[in-house]
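Results of the structural survey
Chain by chain, the residues:
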Amino acid sequence: MQKTNAVANAQDTPTATREILIKRTINAPRKLVFEAWADPGHLKHWYAPDGCTIDIVHYDFRQGGSFLTCIHTPSLHDCWCKGEFLNITAPEKLVYSMIIADQQGNTVKPVDAGMDPNWPTKTIVTITFEAVGNKTNITLHQTVDETLARQTGAYPSWLSMLDNLEATLTQGH
Amino acid sequence: MKRDVFQAIADPTRRQIIHMTAHESLNVNSVASNFEVSRTAIYKHMKILTECGLLIITQQGRERFCEAKLDKLNEVSDWIEQYRQLWDNRLDKLENYLADLQTKKKKHAKNKRSR
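Residues numbered from 1 in each chain as written. Chains lettered and ligands numbered in written order. Predicted model: local features only at pLDDT ≥ 70, side-chain atom pairs only at ≥ 80, totals over all residues.

1. Overview of the overall build of chain B
Selection criterion: Runs of H or I in DSSP of at least four residues are treated as helices and runs of E of at least two as strands, each being numbered from the N terminus. The exposure scheme places C-beta atoms from the backbone and then counts, for each residue, the other C-beta atoms within 10 Å of its own, assigning buried at 20 or more, exposed at 12 or fewer, and partly exposed in between. Two residues form a contact once the distance between their C-beta atoms, set from the backbone, is within 7 Å.
A count of helices and strands for chain B gives six helices and three strands. Going through the 115 residues of chain B one by one, you find that 23% of them count as buried. The contacts of chain B with a sequence gap of at least 6 include a subset with a gap of at least 24, amounting to 56%.

Next up, the structure:
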């Protein structure tokens, strides 16, 4: 296992660009790593964070296809997420959108989902898979697809969010 | 020991102290009197919050006032940091899952051959 996040972060200064960039080398052939993303049968085994479970309501893995998932957190808070597969180039590249949603798959405002109003409703995730022998280099890039109206001084919303965050944070630390 | 913001807000009493002092500077004693636990316990919580940079205590005459310093909460509310942790965790799980999967496949192949 090799983590190069720290290096990537330092180079890309994502807090300035409002982007996430993560690089990882996974000890598995590229075809398999890609399949882990493409096949919901694989996905359900790893896509939910520690302590959470995931329901994959639908997962139409083709270009233009959509998905709807629900992650159940330990605090019994359900995080519904939908999205669209924007670009599928097996086994090299995968681009999809992630949108905060409700059970019916309607777009939901971050505030209504118990999140900070500055939280983006829609993000785009781009993953590239590079074969290196029997290993795979993953580059994961997540960007915001909209101009964020950053409300400076929107502190009260942060406070209301703290309670929701508790479960995830105490678990990770 | 270095304390971080995440640890600071993991406790309900400390979160309540932040709530109370988020909008105004309050007398330390009057904050403490809102809780059922002892003042000493509340002062301990305040100390932790101060060490994390979430609370500032100032002396004004004979009284001490405290006020929440919310800039630090950026670390928590920032979607980038949240998503990064999420992906880190996910990719750890992906690695473990694929490692298991490949071990099983190898075993399966061996069994086939030996039959």
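2. A closer look at the nonpolar core
Soluble globular proteins tend to bury their nonpolar side chains together. Note the threshold: In this description, a nonpolar core means buried residues of the types Ala, Val, Leu, Ile, Met, Phe, Trp, Tyr and Cys, linked to one another by C-beta atoms lying within 7 Å.
Formed by 27 residues in total, the largest nonpolar core has its most connected members in A:Ile26, A:Val33, A:Ala36, A:Ala101, B:Leu94 and B:Leu98. Those elements that place two or more of their residues in this core are β2 (19–26), α3 (30–38), β4 (66–72), β6 (93–101) and β8 (135–144) of chain A together with α6 (79–114) of chain B. Of the residues forming this core, the biggest block, six residues, is contributed by β6(A). Not counting residues up to four positions away in its chain, the partners in contact with A:Ile26 are A:Val33, A:Lys135, A:Thr136, A:Ile138, B:Leu94, B:Glu95 and B:Leu98.

3. Some details on the confidence of the model for chain B
The criterion, for reference: On a scale of 0 to 100, pLDDT captures the predictor's confidence in every residue.
Within chain B, residue pLDDT values average 86, and 90% of them lie at 70 or more. Among the prediction metrics, the complex's ipTM stands at 0.70, with pTM recorded as 0.61.

4. A closer look at the sheet that holds strand β2 (residues 55–60) of chain B
Residues and elements named next belong to chain B. Definition in use: A pair of strands counts as paired when DSSP detects no fewer than two bridges linking them. Note on definitions: angles span 0 to 180 degrees between N-to-C directions of axes, and those axes are lines fitted to C-alpha atoms, for helices only across the stretch in contact.
Ordered in space as β1-β3-β2, the three strands form an open sheet in which the pairing is antiparallel. Whereas interior strands pair on both sides, the edge strands pair on one side only; in this sheet they are β1 (26–27) and β2. Two elements, β2 and strand β3 (residues 63–68), share six bridges in a ladder whose sense is antiparallel. Following the sheet pairing, Ile57 is matched in β3 by Cys66. Across the face of the sheet, helix α2 (residues 12–21) comes into contact with β1, β2 and β3 while running at roughly 100 degrees to β3.

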